[in-house]
Amino acid sequence: MPQAFRSVSRQMQAAAIAVVSVLGLALGAIPAQAQSCGRDGSGFATWLAAFRQQAVAQGIPAEVVAASLDDVSYDRAIISRDRGQGVFQQSFLQFAGRMVADYRLKTGASRIRQQAGLFSAIERQYGVPAEPIVAFWGLETDFGANMGKDPTLKALATLAYDCRRPELFRGELMDALRIVARGDLRPSEMRGAWAGELGQMQFMPSFYYKYGVDADGDGRVDLLRSTPDALASAANFMSSLGWRRGEPWLVEVRVPASLPWHEADLEIRHSTSQWANWGVTPRAGALPPGNASLLLPMGRNGPAFLAYDNFGVFLRWNQSFVYATTAAYFAARLAGAPAVARGNGEVAMLGAKEIARLQRLLAQRGYDPGPIDGKLGAATRAAVKKAQMELGLPADSFPTAELIARLGGG
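Residues numbered from 1 in each chain as written. Predicted model: local features only at pLDDT ≥ 70, side-chain atom pairs only at ≥ 80, totals over all residues. Heavy atoms only, no water.

(A) The sheet that holds strand β6 (residues 291-295), seen in detail. Taken in spatial order, the 5 strands of this open sheet run β4-β6-β7-β3-β5, and their pairing is antiparallel. Two strands in the sheet have a free side with no partner beyond their single neighbour: β4 (270-271) and β5 (281-282). Examined bridge by bridge, strand β3 (residues 250-254) and β5 share 2 bridges and lie antiparallel to one another. For Val-253, the partnering residue across the bridge sits in β5 and is Pro-282. Helix-sheet contacts for helix α16 (residues 321-334) involve β3, β6 and β7 (304-307), and the interaxial angle to β3 is about 95 degrees. (Pairing = 2+ DSSP bridges. Helix = DSSP H or I, 4+ residues; strand = E, 2+ residues; numbered from the N terminus. Contact = heavy atoms within 4.5 Å. Axes fitted to C-alpha atoms, helices over the stretch in contact; angles between N-to-C directions.)

(B) Region of interest: the environment of Arg-342. With respect to the element layout, Arg-342 can be found in the loop between α16 and α17 (352-364). Residue Arg-342 is classed as exposed on the basis of its relative accessible area, which comes to 57%. Dropping the residues within four chain positions of it, Arg-342 is found in contact with Leu-93, Asn-301, Gly-302 and Pro-303. (Buried < 20%, exposed > 50% of the residue type's maximum accessible area, 1.4 Å probe, protein only.)

(C) Looking closely at the nonpolar core. Grouped together as the largest cluster of nonpolar side chains are 95 residues, with contacts concentrated most on Ile-133, Met-201, Tyr-208, Leu-250, Phe-314 and Trp-317. Not counting chain neighbours up to four residues away, the residues in contact with Leu-250 comprise Leu-295, Phe-305, Leu-306, Ala-307, Phe-311, Thr-325, Ala-328, Tyr-329 and Ala-332. Of all hydrophobic cores here, the second largest spans 15 residues; its members include Leu-259, Val-280, Leu-306 and Tyr-308. (Core = buried A, V, L, I, M, F, W, Y, C linked by side-chain atoms within 4.5 Å.)

(D) Geometry of the pairing of β7. The alternating pattern of β7 places Ala-304 and Leu-306 on one face and Phe-305 and Ala-307 on the opposite face, and all of these are buried. Where β3 meets β7, 4 bridges bridge the pair, whose relative direction is antiparallel. Bridged to Leu-250 within β7 is Ala-307.

(E) Region of the structure containing the layout of surface pockets. Put simply, the second largest pocket is a space of about 280 Å³. Around the second largest pocket, the lining is made up of 16 residues, and of these Leu-250, Val-251, Glu-252, Ala-332 and Ala-337 lie nearest the centre. For the lining of the second largest pocket, the secondary-structure elements that each account for two or more residues are β3 and α16. Of the residues forming the lining of the second largest pocket, the biggest block, 3 residues, is contributed by β3. The residue makeup of the lining of the second largest pocket, split by class, is 13 nonpolar, 1 polar and 2 charged. (1 Å grid on protein atoms, 1.4 Å probe; cavity = no way out; pocket = protein on both sides within 12 Å on 5 of 7 lines; lining within 4 Å. Points joined across faces, edges and corners; volume = space filled by probe spheres on them. Nonpolar A, V, L, I, M, F, W, Y, C, P; charged D, E, K, R; others polar.)

(F) Examining the confidence of the model for the protein chain more closely. Of the residues in the protein chain, 90% reach a pLDDT of 70 or more, and the chain-wide mean stands at 90. Note that residues 1-29 has pLDDT below 50 and, in this model, 74 contacts with residues that lie over four places away or in other chains. Ignoring residues within four places in sequence, the model shows residues 31-35, a span with pLDDT below 50, making 11 contacts including any to other chains. (pLDDT = per-residue confidence, 0-100.)

Right, here's the structure in full:
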């Protein structure tokens, strides 16, 4: 995955880890006062010594702790990269156009054919078909070609010492030690992305440890070199996120200008027959039956999709709205869907500064846009929709310059 987006997507994935990791509470006894938020690593050795004791107390063999942490040092470059993450701001069409490139579509289709038996076995066991797995495989690491080369234990220890997200990364560091203790990887083999992600699917250690599968039967979970392990682990993870066997995830549709736009919301679901009654039609084939939400990643004038229950799995894998929609679209293309249409007209995208300005205006008017951070997240979309409805604008949850003007922003 290109570095410009990697940092943001990783931050979203890391946020999800907090739900499944309870180790932070157990490690809370490590003195927070020894930390210096990345400005100074002078207290790192003291902190690491305390962490090593906690690791042994958590049941990690002392020899594993020594082998894993004896040569670990504080890395200011990791802190700089963590602090230097910018706001990712690309439209769905921009991002999908770049990421769902022809070579990825061709490579993905080729991998599905080459590994047909493996994918068939995986789907029988976990209920997840090849296309969503391969979509994440392609987006995360270009099918295992770009997994990162940063020392994982050093990165995790640095971020665990830092005081921005210490509880999160202490838990991740502990699970990295558990991976070594289980015999899956040696410390020297643990190399990946700068924030601690590992393997062909870029799992954080907690995901690796909890959802990793030994699909090739060699006695260990190797998500770096074993493609069967990596693909089966992705399916196991997606199953845990709620994947529904045999059901669709995303279908591109055409929408009429007269649609009740306030119904376009991931929190609102209707039967496909109801959407059809409102004039929503598939771009190709027929609409799969069931309940679905109308997804407008660029508002009423951009591309439109019906998102079924399984789309939620893409969002739970990565909470970035644009990334999740792109992954689901990539999977749909691998399953035979045509290239996405541009929609009903030109869409003017607001930049990060304009989004932040809109967020401030929304907050001043009593709406809750979430953090004033220039990111078009779920809270901002919800606030935009409420403002649009009260101002009599088409309530498609998409921010526009007109909305800024109507809110008093000139």
